[in-house]
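Structural characterization, general
Here is how the chains run, residue by residue.
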Amino acid sequence: MRIAENIQNIKAALPPEVTLVAVSKTKPVSDLMEAYAAGQRIFGENKIQEMTEKWEQLPKDIEWHMIGHVQSNKVKYMAPYVALIHGVDSLKLLQEINKQAAKNNRVIDCLLQIHIAEEETKFGLDASELEAILNAASFHSLQNIKVIGLMGMATFTEDNAQIQKEFQFLKSLFDQYQSVQWPNFQLQTLSMGMSGDYQLAIDCGSTMVRIGSSIFGVRNYS
Ligand SMILES: *Cc1c(COP(=O)(O)O)cnc(C)c1O
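Residues numbered from 1 in each chain as written. Predicted model: local features only at pLDDT ≥ 70, side-chain atom pairs only at ≥ 80, totals over all residues. Heavy atoms only, no water.

If you add up the space inside the second largest pocket, you get close to 210 Å³. With 3 residues, helix H3 (residues 48-57) is the largest single contributor of residues to the lining of the second largest pocket. (1 Å grid on protein atoms, 1.4 Å probe; cavity = no way out; pocket = protein on both sides within 12 Å on 5 of 7 lines; lining within 4 Å. Points joined across faces, edges and corners; volume = space filled by probe spheres on them. Helix = DSSP H or I, 4+ residues; strand = E, 2+ residues; numbered from the N terminus.)

As structure tokens, this is what we get:
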């Protein structure tokens with residue numbers, strides 16, 4: 001009941017154009033089923049093995065989003081079913097996703113992850129690396145991937161002005177590249193905002209929020 005209530009409350013407060021990804025990493029299948037019963041159909045996971053186990057057990061109309069850092073050698077396990085990969089941060093990874101998507105006769109939607117936080121540990125491209133990917137001839141030969149947006153994670157801080165600045169930077173980059181229209185690159189999704197900062201992210205132009213603990217409760221990693 002608690003999970004269903006959380007989802008209803010969050011959804012009621014989201015603008016209609018903002019998509020909710022329920023981040024279910026570390027949570028048991030029974031929790032995901034509770035969210036499913038409440039109408040949630042998009043789930044986000046950060047480990048390919050865990051996501052695949054859940055995909056096998058749960059209803060097939062669920063959209064699975066990979067939100068974590070992706071290792072190239074594991075792409076093959078999710079290629080048959082993954083709906084959106086948020087954390088793509090290299091041309092090499094795009095090439096591997098393209099190869100595995102082709103084997104499955106699919107086009108896999110991807111977001112390019114942009115480094116917007118101050119922390120060194122967060123993955124992602126900077127603006128010049130993004131440009132370099134788009135300028136690479138080999139990018140344009142990738143027919144089994146489609147870059148449909150950008151993703152970013154703000155600094156973990158109480159300083160809202162700092163977070164806002166980072167989200168605004170990502171939104172400006174998104175706006176700048178929206179005029180670029182190639183067969184495999186058409187930006188429409190801006191994935192930013194988590195439990196602690198999604199209101200601010202929406203104010204800054206987010207179209208997709210990734211919310212875990214505000215739905216499922218705090219995670220236990222033990
Ligand atoms: C875990 C995670 C989230 C959700 O975090 P909460 O603070 O629990 O909402 C969102 N995005 C990414 C990339 C994550 O790894």
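Moving on from the coordinates now.
This paragraph deals with the UniProt feature "modified residue: N6-(pyridoxal phosphate)lysine" (unreviewed entry) in the protein. UniProt records the feature "modified residue: N6-(pyridoxal phosphate)lysine" (unreviewed entry) at Lys25, using the numbering of this structure. Secondary-structure assignment places lysine 25 in the loop between strand E1 (19-23) and helix H2 (29-37). Lysine 25 has contacts with Gly44, Glu45, Asn46, Glu50, Lys54, Arg219 and Tyr221, leaving out every residue within four places of it along the chain. (UniProt positions renumbered as here; feature names shortened; annotations may be inferred. Contact = heavy atoms within 4.5 Å.)

We now examine the site of the ligand. With respect to spatial proximity, the complete set of residues near the ligand consists of Val23, Lys25, Ile67, Met151, Met153, Met194, Ser195, Arg210, Ile211, Gly212, Ser213 and Arg219. Between the ligand and lysine 25, the relevant distance is 2.6 Å, taken from an oxygen atom to a side-chain nitrogen or oxygen of the residue. Residue arginine 210 places a side-chain N or O atom 2.8 Å away from a nitrogen atom belonging to the ligand. For the ligand, the accessible surface in isolation is 390 Å², of which the surrounding protein chains cover 90%. (Near = heavy atom within 4 Å. Polar contact = N/O pair within 3.5 Å; in protein donor to acceptor, adjacent residues only side chain to side chain. Areas by Shrake-Rupley, 256 points an atom, 1.4 Å probe, with all protein chains shown as cover.)

Scanning all chains against the criterion turns up 4 salt bridges. Note that glutamate 50 and lysine 54 form a salt bridge whose closest N and O atoms lie 2.8 Å from each other. Of this pair, glutamate 50 and lysine 54 both sit in helix H3, 4 residues apart, which is roughly one turn of that helix. Neither glutamate 50 nor lysine 54 differs from the other in exposure class; each is buried. Ionic pairing is found between lysine 171 and aspartate 175, a salt bridge with its closest N-O pair at 3.0 Å. You can see lysine 171 and its partner aspartate 175 sitting in helix H7 (residues 160-178), 4 residues apart, about one turn around the helix. On the basis of relative accessibility, which here comes to 25%, the residue lysine 171 falls in the partly exposed class. Its relative accessible area of 37% is what places aspartate 175 among the partly exposed residues. Taken together, the shared-partner salt bridges in this structure form one network comprising Glu45, Glu50 and Lys54. (Salt bridge = Lys/Arg side-chain N within 4 Å of Asp/Glu carboxyl O. Buried < 20%, exposed > 50% of the residue type's maximum accessible area, 1.4 Å probe, protein only.)

Take the pairing of strand E4 (residues 84-88) next. Buried residues dominate E4, accounting for 5 of its 5 residues. As defined by bridge partners, strand E3 (residues 63-66) adjoins E4 across 2 bridges and the pair is classed as parallel. Each residue of the ladder has a partner; that of methionine 66, found in E4, is isoleucine 85. Note: E4 against strand E5 (residues 108-114), 3 bridges, orientation parallel. In the sheet register, isoleucine 85 faces E5, and the bridge partner there is cysteine 110. (Pairing = 2+ DSSP bridges.)

Turning our attention to the nonpolar core. Soluble, globular proteins show a tendency: their nonpolar side chains are buried together. The biggest cluster of nonpolar side chains holds 66 residues, and the ones touching the most others in it are Leu94 and Phe139. In terms of residues, this core owes the most to one element, H7, which gives 6 residues. In this structure phenylalanine 139 touches Leu91, Leu94, Ile133, Leu134, Ile145, Val147, Trp182, Asn184 and Phe185, once residues within four positions along its chain are discounted. Counting residues in hydrophobic clusters, the runner-up holds 7 residues, among them Ile42, Leu111, Ile148 and Met151. (Core = buried A, V, L, I, M, F, W, Y, C linked by side-chain atoms within 4.5 Å.)

This part takes up the packing of aromatic side chains. Under the definition given, this model contains 5 aromatic pairs. Here phenylalanine 139 and phenylalanine 185 contribute two aromatic rings whose centre-to-centre distance is 6.4 Å and whose plane-to-plane angle is 75°, an arrangement assigned as edge-to-face. Residue phenylalanine 139 is located in the loop between helix H6 (127-135) and strand E6 (145-152), and its partner phenylalanine 185 is located in strand E7 (residues 185-191); the two are separated by 46 residues in the primary sequence. Residues phenylalanine 139 and phenylalanine 185 agree in their burial class; the two are buried. Judged by centre distance (6.4 Å) and plane angle (75°), the ring pair of tyrosine 177 and phenylalanine 185 falls under edge-to-face. Accessibility assignment for this pair places tyrosine 177 and phenylalanine 185 in one class, buried. Pairwise contacts between aromatic rings join Phe139, Tyr177, Trp182 and Phe185 into one cluster. Sitting over the ring of tyrosine 36, arginine 41 keeps its end group 3.5 Å from the ring centre. A cation over an aromatic ring shows up here: lysine 60 above the ring of tryptophan 55, its NZ or CZ 5.3 Å from the ring centre. (Phe/Tyr/Trp six-rings, centres within 6.5 Å; stacked < 30°, edge-to-face > 60°. Lys NZ or Arg CZ within 6 Å of the ring centre and 35° of its normal.)

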